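Working through the structure, step by step
What follows is the residue order along each chain.
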Amino acid sequence: TEPGRFGHETGGSTGAAGRRVGKFEQADGGTLFLDEIGDMPLAMQAKLLRVLEEGEIGRVGGEGPTAVDVRVVVATHRDLERMVREGTFRQDLFHRIYVFPLRLPSLRERIDDIPVLVEHFTRQIGEQNGWKPRQFAAATIAELKRYAWPGNVRELRNVVERLLLVAPGDGEIGPEVLRTALP
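Okay, so let's go over this structure.

The rules we used
Residues numbered from 1 in each chain as written. Predicted model: local features only at pLDDT ≥ 70, side-chain atom pairs only at ≥ 80, totals over all residues. Heavy atoms only, no water. Helix = DSSP H or I, 4+ residues; strand = E, 2+ residues; numbered from the N terminus. Buried < 20%, exposed > 50% of the residue type's maximum accessible area, 1.4 Å probe, protein only. Contact = heavy atoms within 4.5 Å. Areas by Shrake-Rupley, 256 points an atom, 1.4 Å probe, with all protein chains shown as cover. Salt bridge = Lys/Arg side-chain N within 4 Å of Asp/Glu carboxyl O. Core = buried A, V, L, I, M, F, W, Y, C linked by side-chain atoms within 4.5 Å. Expected span 1.5 Å × (residues − 1). Arc of directions from axis to C-beta. 1 Å grid on protein atoms, 1.4 Å probe; cavity = no way out; pocket = protein on both sides within 12 Å on 5 of 7 lines; lining within 4 Å. Points joined across faces, edges and corners; volume = space filled by probe spheres on them. Nonpolar A, V, L, I, M, F, W, Y, C, P; charged D, E, K, R; others polar.

1. A short note on the overall build of the chain
Within the chain one finds eight helices and six strands. Each helix and strand of the chain, placed in order from N terminus to C terminus, yields the pattern β-β-α-β-α-β-β-β-α-α-α-α-α-α. Out of the 183 residues belonging to the chain, those deemed buried represent 36%. A sequence separation of at least 24 residues applies to 70% of the contacts in the chain between residues at least 6 apart. In the form shown here, the chain has an accessible surface area of approximately 11,400 Å², with 51% of it arising from carbon and sulfur atoms.

And the structure:
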């Protein structure tokens, strides 16, 4: 079988005006992170499996395969084992990538992390924007701990940023402002 196609050569396809090096070739000798692999279409899963098994890629319009040495780290919020049973994720790819699984509990499973994460995001966002440091009232933190967090840590970060933007003054951020920031 031919290797998966990743990247292209000039004129390799319509609109291929210049050579484009794909992500696998860019990561050669290093690590490539593939986020949300559970959303990958079956056809792309087959191409990925070929690259992982054979260690080579092919550019559209290229003359032959190019060897790549890439460590792949993947992430997903989906249950890949269930998807394999349902036929929506390739079993062979699952076994190829399921070498050292790490399960990260959702934010709602570790609500005691919320105060530390809020402090971290507050400092990070403040430094990025040149803002004065802000504090969150204990009552605000308590309300944050009661929220379900369907968007997980990303949602928490966005809520913290939203609060920093809309909270009046430069004092403590109280729970009355939080009510306007949560869905």
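2. Points about the pattern of salt bridges
All told, the structure shown has 12 salt bridges when counted by the stated rule. Across the pair Arg82 and Glu86 runs a salt bridge, and its minimum N-O distance is 2.9 Å. Here Glu86 and Arg82 lie together in helix α3 (residues 80–86), a separation of four residues that amounts to about one turn. Classification of Arg82 by relative accessible area gives partly exposed; the value is 36%. Across the pair Arg157 and Glu161 runs a salt bridge, and its minimum N-O distance is 3.2 Å. Here Arg157 and its partner Glu161 are both found in helix α7 (residues 152–166), four residues apart, which amounts to about one turn of the helix.

3. Some words on the nonpolar core
Membership of the largest hydrophobic core comes to 22 residues, with the highest contact counts inside it found for Val118, Leu144, Trp149, Leu156, Val159, Val160 and Leu163. Those elements that place two or more of their residues in this core are α5 (114–129), α6 (138–146), α7 and α8 (175–181). Grouped together as the second largest cluster of nonpolar side chains are 20 residues, Leu32, Leu34, Ile37 and Val84 included.

4. Focus on α5
Between its terminal C-alpha atoms α5 stretches 22 Å, which fits the 22 Å expected from 16 residues at 1.5 Å a residue. Listed in full, the buried residues belonging to α5 are Ile114, Leu117, Val118, Phe121, Thr122, Ile125 and Gly126. All buried residues of α5 project into a common sector of 155 degrees when viewed along the axis, lining one side. Away from the buried face of α5 by more than 90 degrees, exposed residues Val116, Glu119 and Glu127 are located. Where α5 is buried, its residues touch α6 and α7. One or two residues past the end of α5 sits Gly130, with phi positive at roughly 70 degrees.

5. Topic: the layout of surface pockets
Rolled over the atoms, a probe with the dimensions of a water molecule shows which regions are left empty. Quantified by volume, the largest pocket comes out at close to 1,500 Å³. When contributions to the lining of the largest pocket are tallied by element, the ones reaching two or more residues are α2 (42–54), β6 (71–74), α3, α4 (91–97) and α7. Ranked by residue count, the leading element in the lining of the largest pocket is β6, at four residues. Of the residues belonging to the lining of the largest pocket, the class tally is 23 nonpolar, six polar and 11 charged.

6. Observations concerning α7
In an α-helix, one turn spans 3.6 residues, which is why side chains three or four residues apart end up on the same side. In this model α7 runs 21 Å from its N-terminal to its C-terminal C-alpha over 15 residues, within 8% of the 21 Å that 1.5 Å per residue would give. Where α7 is concerned, the buried positions are Glu155, Leu156, Val159, Val160, Leu163 and Leu164.

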